[in-house]
Amino acid sequence: MGENPAKNHYAQLNQGEENEMEIFGYKTQGCRRALCVAGYILSCGALRLLFYWKPEWDVWINCIRCSLEEADIVLLRTTDDFRTYSRKTVTWISVSAFIKSRSDYPDSEEDSIFSKAIMKPSLLVKTIQVQKIRYVWNDYTKQFQKVGVLEDHYTCSAVHDKFGSGLTCNEQNVRRVICGPNTIDVPVIPIWKLLIKEVLNPFYVFQLFSVCLWFAEDYMEYAIAIIFMSLLSIFLTVYDLRKQSIKLHKLVESHNSIMVTVCRNKEGFQELESHYLVPGDLLILKEGKTLLPCDAILVSGQCTVNESMLTGESIPVTKIHLPQADNLKPWRVYCAEDYRKHVLFCGTEVIQTKADDRGVVKAVVLQTGFNTAKGDLVRSILYPKPMNFKLYRDAMWFLMCLIAFAAIGMIYTVCVFALNGEETGEVVKKALDVITIAVPPALPAALTTGIIYSQQRLKKKGIFCISPQRINVCGQLNLVCFDKTGTLTEDGLDLWGLLPSERNCFQNIHSFPADHGLPWGPVFKALAVCHSLIVWEGKIQGDPLDVKMFEATNWVIDDSSRHRNEDQGSTHNTVVRPGLQATTAPVEGITILHQFPFSSALQRMSVIAQEIGGDTQAFTKGAPETVAMLCRAETVPSNFESKLLLYTAQGFRVIGLACKSLQAGKPPAALTREEVESDLTFLGLLIMENRLKRETKPVLEELSAARIRTVMVTGDNIQTAITVAKNAGMIAPTHRVILVEANEGPGSFSASITWKSLEENKIEDYRGLEDDNQTEPGIRLALGSGQYHFAMSGKSYQTVAHHFRHLLPKLLLNGTVFARMSPSQKSSLVEEFQKLDYFVGMCGDGANDCGALKVAHAGISLSEQEASVASPFTSRTPSIACVPELIREGRAALVTSFCMFKYMALYSIIQYLGVLLLYWQLNSFGNYQFLFQDLAITTVIGVTMSFTRAYPKLVPYRPPSQLISPPLLLSVVLNILFSLSMQIFGFVVVQEQPWYSQTDIHSACLSVNNHERNSSSSLGLHGVRDGAHEQTDNGFKSYENTTVWLLSTINCLIVALVFSKGKPFRQPIYTNYVFILVLIGQLGICLFLMFADIDGLYSKMDLVCTPTTWRISMVGMLAVTLAVSFLVEEAVIENRPLWLLLKKTFQYHSKSHYKRLQHLLEQDPAWPPLNETFFSDSVAVTVEGNMRGHSNPTFDSNEDSL
């Protein structure tokens, strides 16, 4: 039964967000419910268990469809590839206790969710809770809406006007009841709950079914062994889950009971516990360190916060108050990407507050509980995004095939035993037994073991993983995006020089380190004040660029708490003063009155500063191109662009400086950013050296040799980025760099795109530069070669994405440098690469890369902070050497998973074939025979096979990504045929031997004539006890049983050896000493059982004595099987050139979008269109079928790699 969305029955929850869901309304029906309860009783709870696994069936059978407004049960379905269902009960909350009259209604205007959610006249609110978030029914829009957040539609002025004085006590109470407490409550789950949840896993239910069956068949020892193993596995899992639950509880516990001060409308300040906070409350931030219990918008004053919990970067961040802009845009839209500069996030620590002329630092509560930034991180841990990797989907098909095998075996068993007149009970038991043999119960455990070993190996190398399933995905990575600063280059910058500008001309360069200090002047003042540094715990803290710049002045920050200011009264302002080693300055110090912090979107920062007893000035620093645009044209040198190119082309980081005088009278806090950052005077360029890390070049060369694409995604200047890319080896010296520039026309309705060969322009520009000695040698490129790389800025990328959508895949195919990229553009770029079927890794320092780290297949954060929760992988050492290490380990883990799949399937089928052969004679394996194969052989192999480490060299191709691939299927099918042939051969040939007897199991060995012979003359299922000697023949002993069991047991060892892949993705198998010793030990025991002929042992193992010649014949059969199996695996299955030849012969082309697009572009002589300009309204030729249906937004690939 499926869903057919009807009017009012269906809606979308969190539309457009990451956790988007479909919601369906249902109403419980009494008679249906009663029938289901009867079904639970009659099925002994089996029906209830089925509904536990499939909640949608429970809802469809118990309820009838209705509109969401009438629903008392809702069914939720995720919109991802998994389409997972969950069932939620609708609850009602009464607010009648707080609303006695019409005047008590909250927010009398119609734009608040709190007024729209209260049903009149009942004063009830209809709610559901999904993944810790509460949703209320909006009676006006007829849909469920999230509460615990301040609505997005408020403008900047509305936030100030409506919430600037605080909520009334009554408004606060109503909101608290509707939103629930402001807590990130992660209770420690009781052990009994964890136990029940784990035991009800389908895998353990199957185990329980198997154990019951084995007890019924008197397989006591094996059943007890499985119970012991299952209990051990359950207890270990429960222990691990309990430990995680306690750890998470401790992580959030401290944020749930913080004392805060709020401002009540008409009632003044009030102290209360943080769990009483609601969206709209006015929070008062006092001096000193404060841990934030919610997300809040700063509405007055300024704060410095430590956001390491969120970003993984422990650099203090300055927050400024929301401007009182009088426009109609919602505040988030108005502030664009800079809205974070006004938001204080839950879980972060306020380390310094600066009040403005209004006296106190105030913030309006924006989000509470699990809606906050910290709550979102905790929810991502509690409800991780499921992995959509081909391996895991193929695994289900694999199990289905084994179940189909089992079904065939069951039919065969029923036919054989029923025709021989066996009792019905015995026939049913034997038929069900086939399922437990054909479907390996240990498969999930065996696969998990390999990933756990990989995780431990990564941990030893300083790489921590919070999503172990992604280790396998790392084995498929074929493109890695790198941030530049702090990732490819050193985190700290060194000052190289200062190029001052006066009267429209650049002056002589001032080099660092210099014998003489910087002369006093506007440039010196800019270096001294244009930063967001603070003194924290006795040290100057802040952005490394700011620290280096400020240290060059030899001034110091005076961190005394308050400074008198003429305009503002007593406020907390930073004062900088000359240090002991500073050059003489005509001022006592400079006070920084106000800051406009650095913005990634605006690419600049500004401060308003005043010399003590002097004039007020504004200073701006940022990207040189941006700063120059804000300056008066007559102050910018005419050779500005050529000078900038000169230094950026050498890989220097260049910062532009500017200033302007401000008129007295208007308080600094009242000035807008636009007023301050206009009509500036250009001061010069600060040139900083950003050296490559020592390991960058070798790592990128290793990835290039392995045919893994590397891409640079940075916020820095495009010329600097290109030079670093060349120095690092991302762009080879002989390759062309093509600059792609896209610009929007007036009105944003049209746009143009131009392709320029950068090298030609650069060589021309260099000829005209004055400082020829500083230019790097002009590299004469082979422009005729077909190798080229596109470079573009974030602005161009955005324009291409909006106006030239058809060109974006073509540009991404050869795009290597993406500069001046904002955090959201980085995330978008990663997703676009994924749409082309690339498996994308992202490596960054965790600060502005959080979004990209989260959406990539494998996000690797180089932050030392454990709190970089956005990233699945975190490296303890800030070095990109972890990237090839992770890919190596991922490839090894992926190959180990395939080996394990193949081995577990073969082991089950070998045992299954042996049992079905013996069923032909109404025989089977004995208890100890099963026990030996399942425990002594398979379990030990399953544990030790994964010990093989990753191969140290990355080869230029990847392991297969899917189980259903021709080489793997052929390997499994051929080995099944070899096993079947050997077992049938042994089974038939033993019956042809002259010493063979069906009734006398001692006829082969004359030496046993002295022993008492068993009185049993039947080889049926029921043994007959010999009363005289109390020797039991349980009916399993026969020549066929002994032959088939010994052959199948040693065959399990053969396939374990043959399937244990070594090179090129794992180290040779002989390096896995434990596994080799285990195989030798197991083979020794098997050969001992074959040749020992010890009566007591043979009796226990249900074996019979056979002539030595037959035993040698069995060894010969096994040797032939080993040789054939090994030869086929090496010469056919692992023969990469052979499969490539077959692909070529049958003209097989990869289904990956990027491969198909590559093939089409190779045949297009007009691509790339050098020195041409296209316009968005011109006719664009799209690549035939190149983007038809992007099947890979997350973790999918159609590429059949070998």
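Refer to the preceding data block for the structure.
Structural notes, computed from the coordinates. In this text, all values refer to a predicted model and were calculated from it rather than measured experimentally.

Calculation rules
- Residues numbered from 1 in each chain as written.
- Predicted model: local features only at pLDDT ≥ 70, side-chain atom pairs only at ≥ 80, totals over all residues.
- Heavy atoms only, no water.
- Pairing = 2+ DSSP bridges.
- Helix = DSSP H or I, 4+ residues; strand = E, 2+ residues; numbered from the N terminus.
- Buried < 20%, exposed > 50% of the residue type's maximum accessible area, 1.4 Å probe, protein only.
- Arc of directions from axis to C-beta.
- Contact = heavy atoms within 4.5 Å.
- Patch = residues over 30% accessible without salt bridge, like charges linked within 9 Å, V, L, I, M, F, W, Y side chains within 5 Å.
- Areas by Shrake-Rupley, 256 points an atom, 1.4 Å probe, with all protein chains shown as cover.
- Salt bridge = Lys/Arg side-chain N within 4 Å of Asp/Glu carboxyl O.
- Lys, Arg positive; Asp, Glu negative; His and termini not counted.
- Charge placed at Lys NZ, Arg CZ, Asp CG, Glu CD.
- 1 Å grid on protein atoms, 1.4 Å probe; cavity = no way out; pocket = protein on both sides within 12 Å on 5 of 7 lines; lining within 4 Å.
- Points joined across faces, edges and corners; volume = space filled by probe spheres on them.
- Axes fitted to C-alpha atoms, helices over the stretch in contact; angles between N-to-C directions.
- Parallel < 35°, antiparallel > 145°, perpendicular 65-115°, else oblique.
- Left-handed = near helix turned anticlockwise from the far one by under 90°.
- Nonpolar A, V, L, I, M, F, W, Y, C, P; charged D, E, K, R; others polar.

## Here we look at the sheet that holds strand β16 (residues 317-320)
Backbone-to-backbone hydrogen bonds pair the strands of a sheet. The strands run either parallel or antiparallel. On the basis of which strands lie adjacent, the open sheet formed by four strands has the order β13-β18-β15-β16 and antiparallel pairing. In the strand order of this sheet, the two ends are held by β13 (290-291) and β16, each with one partner.

## Examining helix α22 (residues 696-705)
Every buried residue of α22 is accounted for by T696, V699, L700 and L703. Along α22, the residues classed as buried sweep out an arc of 95° about the axis, all on the same side. Next to the buried residues of α22 lie β21 (479-482), β36 (709-713), α23 (718-728) and α29 (882-919). Looking one or two residues past α22, R707 carries a phi angle of roughly 60°, positive in sign.

## Focus: a positive patch on the surface
A contiguous patch of positive charge on the surface is contributed by K243, K247, K459 and R876. Along the chain, the position of K247 falls in helix α9 (residues 220-253).

## Some remarks on empty space enclosed by the protein
Under the defined criterion, the tally for this structure stands at seven cavities of 30 Å³ or more. Along the walls of the second largest cavity sit eleven residues, with W214, Y222, T436, I437 and D934 positioned nearest its centre. Of all the elements in the fold, those that place two or more residues in the lining of the second largest cavity are α14 (424-438), α29 and α30 (927-944). For the lining of the second largest cavity, the element with the most residues is α14, which contributes three residues.

## A few points about the packing of helix α25 (residues 794-803) against helix α27 (residues 823-835)
Running from N to C, α25 and α27 point in directions that differ by 50°, and their axes come no closer than 11 Å. As summarised for this structure, α25 and α27 are arranged oblique, according to the angle between their axes. Relative to α27, α25 is oriented so that their crossing is left-handed. Residues G794, K795, Y797 and Q798 of α25 lie in contact with α27, whose contacting residues are Q825, S828, L829 and E832. In the contact of α25 with α27, the residues fall into two nonpolar, four polar and two charged.

## Regarding unusual backbone geometry
The residue after K1063, namely P1064, is reached through a cis peptide bond having omega 10°. Inspection of the secondary structure puts P1064 in the loop between α32 (1039-1059) and α33 (1073-1091). Cis geometry marks the peptide bond from W1167 to P1168, where omega comes out at 0°. Along the chain, P1168 turns up in the loop between α37 (1153-1162) and β46 (1173-1175). If you check the backbone angles, C44 has positive phi at about 55° while not being a glycine. As for its position among the elements, C44 is in the loop between α1 (30-42) and α2 (46-53).

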